[in-house]
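# Structural description and commentary
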Amino acid sequence: SGTAYKDYPLAANQFLQVNAAVADILGASRDSLGDLRGLEFDFQVISGTGSVAVYASSVDNGTGDSILRTE
């Protein structure tokens, strides 16, 4: 188990979509970790009065089914 973090500074009304979020946060060390399960993400506005709308999509390696999570 472990913890990693990354800040994403945004301007007012800026949209940001992060593809391959785990690799983006972990960087080069992602490749050495193998299959990851049970990940949790915590998104916070740490300054200003902004808000975030978070979603994640993934593809099941076995079935090829796509999953969209908005909660």
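A few points on the structure. (Residues numbered from 1 in each chain as written. Predicted model: local features only at pLDDT ≥ 70, side-chain atom pairs only at ≥ 80, totals over all residues. Heavy atoms only, no water.)

## Comments concerning the pairing of strand β1 (residues 56–59)
Where β1 and strand β2 (residues 66–69) come together, 4 bridges link them in antiparallel fashion. Looking at β2, one finds that V59 is bridged to S66. Here β1 folds back onto β2 in antiparallel fashion, the turn holding 6 residues, of which G64 has a positive phi close to 80°. (Pairing = 2+ DSSP bridges. Helix = DSSP H or I, 4+ residues; strand = E, 2+ residues; numbered from the N terminus.)

## A word on unusual backbone geometry
Positive phi values are uncommon outside glycine, yet N13 reaches one of about 65°. In this structure, N13 sits in the segment before α1 (21–26). Residue N13 is classed as exposed on the basis of its relative accessible area, which comes to 82%. In this model, A20 sits at a positive phi of 55°, which is unusual for a non-glycine residue. Its location among the elements puts A20 in the segment before α1. A20 gets classed as exposed once you look at its relative accessible area, which sits at 55%. (Buried < 20%, exposed > 50% of the residue type's maximum accessible area, 1.4 Å probe, protein only.)

## Re the pattern of salt bridges
Taken as a whole, this structure holds 2 salt bridges when the rule is applied. For K6, the salt bridge identified is with D24, shortest N-O distance 3.2 Å. Pair noted here: K6 is in the segment before α1 and D24 is in helix α1, with a separation of 18 residues, a long-range link. Between R37 and D35 there is a salt bridge, with its nearest N and O atoms 3.0 Å apart. Per residue, the accessibility class of R37 equals that of D35, and both read exposed. (Salt bridge = Lys/Arg side-chain N within 4 Å of Asp/Glu carboxyl O.)

## Side note on the environment of D60
Relative to the assigned elements, D60 resides in the loop between β1 and β2. C-alpha separation for the pair D60 and L10, spaced 50 residues apart in sequence, amounts to 31 Å.

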